Amino acid sequence: MTQIAPSILSADFMNLQRDVQNLEAAGADLLHVDIMDGMFVPNMSFGAQVVSGIRPLTKLVLDVHLMVEQPERYIEQFAQAGSDLIMIHAEATKHLYRGLQMIKDAGVKAGVVINPGTPVSYIEAVLPLVDQVLVMTVNPGFGGQKFIPAMLTKVSELAAYRDQHADATYQIEVDGGVNDQTIAACAQAGADIFVAGSYTFAGDLTERIALLKKAANE
Ligand code: DX5
Ligand code: ZN
């Protein structure tokens, strides 16, 4: 089933409550929350307080994407804040396996993320452990960038791996440059969850989410 995860990075931060509630009413399946530390990526967003603030406003799954160096330092904080799923970058820690175990021990679903330059083979050892794999389809750090089609090979690889391994049960998510033109190729390659920030917010939310779902299934 196609699941759309609008990124609140493109929301109006001074009207975040309104935007979150409008996204839920508009048919979003998850809420994608981008955390940037100005070190792992050349941009900053916000911290766990914003996740705590959003939590009581919505029933949507909070899909938290940590673009943070040594994310282990913040896992407990983001779990306490009410994240349903915490994703950490394979490139951001020397102890990826431990980091993912820490997320699970905190009672939260765990996801691993790979940058455009990182191959699927790099995360093969953790694939049985994770609930979600996020394939970056742009370089992380900013909304509104252009989709990198070469990333689709990785999505197909992850889908094939999951078919071939009974212990691999993860969902596959794509993030960056997803719009009504690029989503179909992602769906065909085997993605289940589609993050869309700038595209969702550039028009009527209900209409945009419906257009994405329609295009994904064409
Ligand atoms: C990029 C973020 C994305 C971003 C996507 O670093 O991880 O989630 O918000 O934005 P769009 O959909 O505009 O590419
Ligand atoms: Zn993201």
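Because the structure is predicted, anything quoted here is derived from the model rather than measured.

A. The overall build of the protein, seen in detail. Per the secondary structure count, the protein includes 8 helices and 8 strands. For 218 residues, the compact-globule formula gives about 17 Å, and the C-alpha radius of gyration of the protein, at 16 Å, lands near that figure. By its C-alpha atoms, the protein is 40 × 40 × 30 Å across when sized along the principal axes. Per-residue burial for the protein yields a buried fraction of 42% across its 218 residues. A sequence separation of at least 24 residues applies to 63% of the contacts in the protein between residues at least 6 apart.

B. Structural detail: the nonpolar core. Formed by 67 residues in total, the largest nonpolar core has its most connected members in Val64, Ile86, Val155, Cys186 and Phe194. Per-element tally for this core: the top contributor is strand 2 (residues 30–36), with 5 residues. Not counting residues within four places of it along the chain, the set of residues in contact with valine 64 comprises Val33, Ile35, Val51, Phe78, Ser83, Leu85, Ile86 and Met87.

C. Quick peek at helix 1 (residues 16–25). Three or more residues of helix 1 are buried, namely Asp19, Val20 and Leu23. For helix 1, the angular spread of the buried residues around the axis is 100°, confining them to a single face. Facing away from the buried side of helix 1 by more than 90 degrees, the exposed set consists of Arg18 and Ala25. Those residues of helix 1 that are buried are in contact with strand 1 (3–6), strand 2, helix 2 (48–54) and helix 8 (205–216). With its phi angle positive at about 100°, glycine 27 sits one or two positions after the end of helix 1.

D. Here's a closer look at the site of ligand 1. Neighbouring ligand 1 are 22 residues; Ser7, Pro140, Gly143, Gly197 and Ser198 lie closest to it. Considered class by class, the residues forming the shell around ligand 1 number 8 nonpolar, 12 polar and 2 charged.

E. Focus on the environment of aspartate 12. For aspartate 12, the location among the structural elements is in the loop between strand 1 and helix 1. The exposed category is assigned to aspartate 12, around which 10 C-beta atoms lie within 10 Å. Considering only alpha carbons, one finds aspartate 12 and phenylalanine 201, 189 residues apart in sequence, at a separation of 9.3 Å.

F. Region of the structure containing helix 5 (residues 152–164). Compared with an ideal rise of 1.5 Å per residue, which puts 13 residues at 18 Å, helix 5 spans 18 Å between its outermost C-alpha atoms and is within 8% of the ideal. Buried within helix 5 we find Leu152, Lys154, Val155 and Leu158. What you see down the axis of helix 5 is that its buried residues fit within an arc of 160°, all on one side. Relative to its buried face, helix 5 has exposed residues pointing more than 90 degrees away, namely Ala160, Asp163 and Gln164. Looking at the buried positions of helix 5, the neighbouring elements they touch are strand 6 (132–136), strand 7 (171–175) and helix 6 (183–189).

So, how was this worked out
Residues numbered from 1 in each chain as written. Chains lettered and ligands numbered in written order. Predicted model: local features only at pLDDT ≥ 70, side-chain atom pairs only at ≥ 80, totals over all residues. Helix = DSSP H or I, 4+ residues; strand = E, 2+ residues; numbered from the N terminus. Rg over C-alpha atoms; globule rule 2.2 N^0.38 Å. Buried ≥ 20, exposed ≤ 12 C-beta atoms within 10 Å, placed from the backbone. Contact = placed C-beta atoms within 7 Å. Core = buried A, V, L, I, M, F, W, Y, C linked by C-beta atoms within 7 Å. Arc of directions from axis to C-beta. Near = placed C-beta within 6 Å. Nonpolar A, V, L, I, M, F, W, Y, C, P; charged D, E, K, R; others polar. Expected span 1.5 Å × (residues − 1).

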